[in-house]
Amino acid sequence: MYNQTRLLVVLIIILTLNACATQQTGSRSSVVNYLYPDKTVPENSTGIPHLTLPLRMGIAFVPASSARRSSTSIPWVEVHNNELTENHKVQILNNIAAHFTTQSFVEHIEIIPSAYLTPGGSFANLDQLKAMFNIDVIALVSYDQVQFTDDSKLSLSYWTLVGAYLVAGQKNDSNTLMDTAVYAIDSRKLLFRAPGTSQLKGRSTPVNLQEELRQDSLQGFMQASNNMTANLELQLEQFKQRLKQQPQDIQLSYQRGYSGGSIGMGALLLLLLIFSKRLFTSATARFRQ
């Protein structure tokens, strides 16, 4: 009887400690690691950006970094990191591109597949993209997602097979950051950036833990990207104001025929001709009187 009681106490202690365990998984990509793999800033990064309007832009996700992972507290469940698929990346990039295509200073946007970006490729890789896709500016999208799973008191029911299948004793938190950084390729200068965040909370059983985390991961990425594109609208407006108010920060030139939404040279000459004709007609009428 004593041995049975002792065994029961030991089992309760083990389960209680197990209920306090935390599991962490995550995936990330970093603009800094991509552009500055050796953690040094190029000397010509201090140059003044020279932009030719309208712009030809590229947009792409930077390569993923080494993902973080820790062991699970549930020995029969293996949890993997949840990475963005290429299809979901293209969907997000299309949403971001839609916000640039409405701008008068953007001529064309090229969505660049991830395969064209080399991990740690730095600005040499951007020079290759500039030549391949005929772009002058690139929007680099990065992300950082961390998912935590904690065992709640309900996880004590996992001691039974039914509890492992039916009781949602896992508390899941998914925190996502997504960021778009727009660079002038030739000058290596950051023009502006727009972040977006998402926080999700959920529950799951140990049996469907991986499925729930995968769904939360994708939802977190999409929510963060939506928040980011909303911030992108604000940053674009601030960037246009900066072009007008601080012309010394960015040198601008214009392609032939580009008016930037203002009166073009042809329209200006036409208005001058009309105005001159009216003046001549008015002066002739007064002379005859």
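Up top you'll find the structure we're talking about.
Please read these numbers as outputs of a predicted model, since none were measured by experiment.

Enquirer: Help me understand the overall build of the protein chain, please; the structure alone is not making it clear to me.
Expert: Tallying secondary structure elements over the protein chain gives 7 helices and 8 strands in all. Out of the 289 residues in the protein chain, the part that is buried amounts to 39%. By sequence separation, contacts in the protein chain at least 24 residues apart represent 80% of the contacts at least 6 residues apart.

Enquirer: Please explain the nonpolar core as it appears in this structure.
Expert: Considering soluble globular proteins, one finds that nonpolar side chains tend to be buried as a cluster. One finds M57, F100, M178 and L191 to be the most contacted residues of the largest nonpolar core, which totals 35 residues. Elements that contribute at least two residues to this core include exactly strand 2 (50–53), strand 3 (55–61), helix 3 (86–101), strand 4 (106–111), strand 5 (137–151), strand 6 (170–184), strand 7 (189–204) and helix 6 (209–245). In terms of residues, this core owes the most to one element, helix 6, which gives 8 residues. The residues touching M178, leaving out its near neighbours within four places in the chain, are L84, I92, V141, S142, Y143, A194, P195, G196, F221, A224, S225 and M228. Of all hydrophobic cores here, the second largest spans 18 residues; its members include Y34, F133, L140 and I185.

Enquirer: What am I meant to see in empty space enclosed by the protein here?
Expert: Any empty space left between atoms is shown by rolling a water-sized probe over those atoms. All chains considered together, the criterion is met by 1 cavity of 30 Å³ or more. Taken as a whole, the largest cavity encloses approximately 30 Å³ of empty space. Forming the boundary of the largest cavity are L55, M57, F100, F105, V137, V182, L191, F192 and F239. For the lining of the largest cavity, the secondary-structure elements that each account for two or more residues are strand 3 and strand 7. Looking at side-chain class alone, the lining of the largest cavity contains 9 nonpolar, no polar and no charged residues.

Enquirer: Please explain the pattern of salt bridges as it appears in this structure.
Expert: Applying the stated rule across the entire model yields 7 salt bridges. Residues D127 and R188 are paired through a salt bridge, measuring 2.8 Å at the closest nitrogen-oxygen approach. Of this pair, D127 sits in helix 4 (residues 122–133) while R188 sits in the loop between strand 6 and strand 7; the two residues are 61 residues apart in sequence, bridging distant segments of the chain. On the accessibility criterion, D127 (30% relative accessible area) is partly exposed. For R188, a relative accessible area of 13% puts it in the buried group. Ionic pairing is found between D186 and K130, a salt bridge with its closest N-O pair at 3.6 Å. With D186 in the loop between strand 6 and strand 7 and K130 in helix 4, this pair connects stretches of sequence that are 56 residues apart.

Enquirer: Where do I start with the environment of F105 in this structure?
Expert: Following the sequence through the fold, F105 ends up in the loop between helix 3 and strand 4. Sequence spacing of F105 and Y254 is 149 residues, and the spatial spacing of their C-alpha atoms is 9.8 Å. Not counting residues up to four positions away in its chain, the partners in contact with F105 are L53, P54, L55, L236, F239, K240 and Y258.

Enquirer: Explain the packing of aromatic side chains to me, please; I cannot follow it from the model alone.
Expert: The geometry of an aromatic ring pair is captured by two quantities: the separation of the ring centres and the angle between the planes. The final tally for this structure, using the stated rule, is 7 aromatic pairs. With 5.3 Å between their ring centres and 80 degrees between their planes, Y116 and F133 make a pair best called edge-to-face. One end of the pair, Y116, is in the loop between strand 4 and helix 4; the other, F133, is in helix 4, with 17 residues separating them in the sequence.

Enquirer: Would you mind showing me how to read the side chain of S198 here?
Expert: On the secondary structure map, S198 appears in strand 7. Assessed through its relative accessible area of 6%, S198 is described here as buried. In this structure S198 touches S174, N175, T176, G220, Q223 and A224, once residues within four positions along its chain are discounted.

Enquirer: Just checking my understanding: could you explain the packing of helix 3 against helix 6 for this structure?
Expert: Working note: a packed helix pair is described by the angle between its axes plus the distance between those axes. Running from amino to carboxyl end, helix 3 crosses helix 6 at an angle of 15 degrees, the nearest separation of the two axes being 10 Å. With respect to their mutual orientation, helix 3 and helix 6 come out roughly parallel. As for how helix 3 packs across helix 6, the hand of that crossing is right-handed. On helix 6, the residues that touch H88, Q91, I92, N95, I96, H99 and F100 of helix 3 are L218, F221, M222, S225, M228, T229, L232, E233 and L236.

Enquirer: Quick question: what am I supposed to make of the layout of surface pockets here?
Expert: Of the pockets and cavities examined, the largest pocket occupies roughly 260 Å³. Together, 16 residues line the largest pocket, and V31, V32, S142, D179 and R193 are the ones closest to its centre. Looking at the lining of the largest pocket, the element that brings in the most residues is strand 6, giving 5 residues. Here the residues of the lining of the largest pocket are counted per class, giving 9 nonpolar, 3 polar and 4 charged.

The rules we used
- All residue numbers refer to positions counted from 1 along the written sequence of the respective chain.
- Since the coordinates come from a predicted model, pLDDT governs what is reported: local features require at least 70, and pairs of side-chain atoms require 80 or more to be given and counted, while whole-chain, interface and lining totals use all residues.
- Hydrogens and waters are ignored; side-chain quantities use all the structure's heavy atoms.
- Every helix listed is a DSSP run of H or I at least four residues long, and every strand listed is a run of E at least two residues long, numbered separately from the N terminus.
- We call a residue buried when its accessible area falls under 20% of the maximum for its residue type, exposed when it is over 50%, and partly exposed in between, using a 1.4 Å probe and counting protein chains only.
- In what follows, a contact means two residues having at least one pair of non-hydrogen atoms within 4.5 Å.
- We call a set of buried Ala, Val, Leu, Ile, Met, Phe, Trp, Tyr and Cys residues a nonpolar core when their side-chain atoms join them within 4.5 Å.
- Using protein atoms alone on a 1 Å grid, points that fit a 1.4 Å probe yet trap it form a cavity, whereas open point sets bounded by protein on both sides within 12 Å along at least five of seven lines form a pocket; residues with an atom within 4 Å of a point count as lining.
- Grid points are joined across faces, edges and corners, and a volume is the space filled by probe spheres set on the points.
- Any residue outside Ala, Val, Leu, Ile, Met, Phe, Trp, Tyr, Cys, Pro, Asp, Glu, Lys and Arg is labelled polar, Gly included; the first ten of those are nonpolar and the last four are charged.
- Just to be clear on terms, a salt bridge is a Lys or Arg side-chain nitrogen sitting within 4 Å of an Asp or Glu carboxyl oxygen.
- When the centres of two rings from Phe, Tyr and Trp lie within 6.5 Å, Trp using its six-membered ring, the rings pair. Their planes under 30 degrees apart give stacked, over 60 give edge-to-face, and anything left gives tilted.
- Between N-to-C directions, angles cover 0 to 180 degrees, with each direction set by a line fitted to C-alpha atoms, over the stretch in contact for helices.
- If an angle is under 35 degrees, it is roughly parallel; if it is over 145, roughly antiparallel; if it lies from 65 to 115, roughly perpendicular; otherwise it is oblique.
- Two helices cross in a left-handed way if the nearer one is turned anticlockwise from the farther one by less than a right angle. They cross in a right-handed way if the turn is clockwise.

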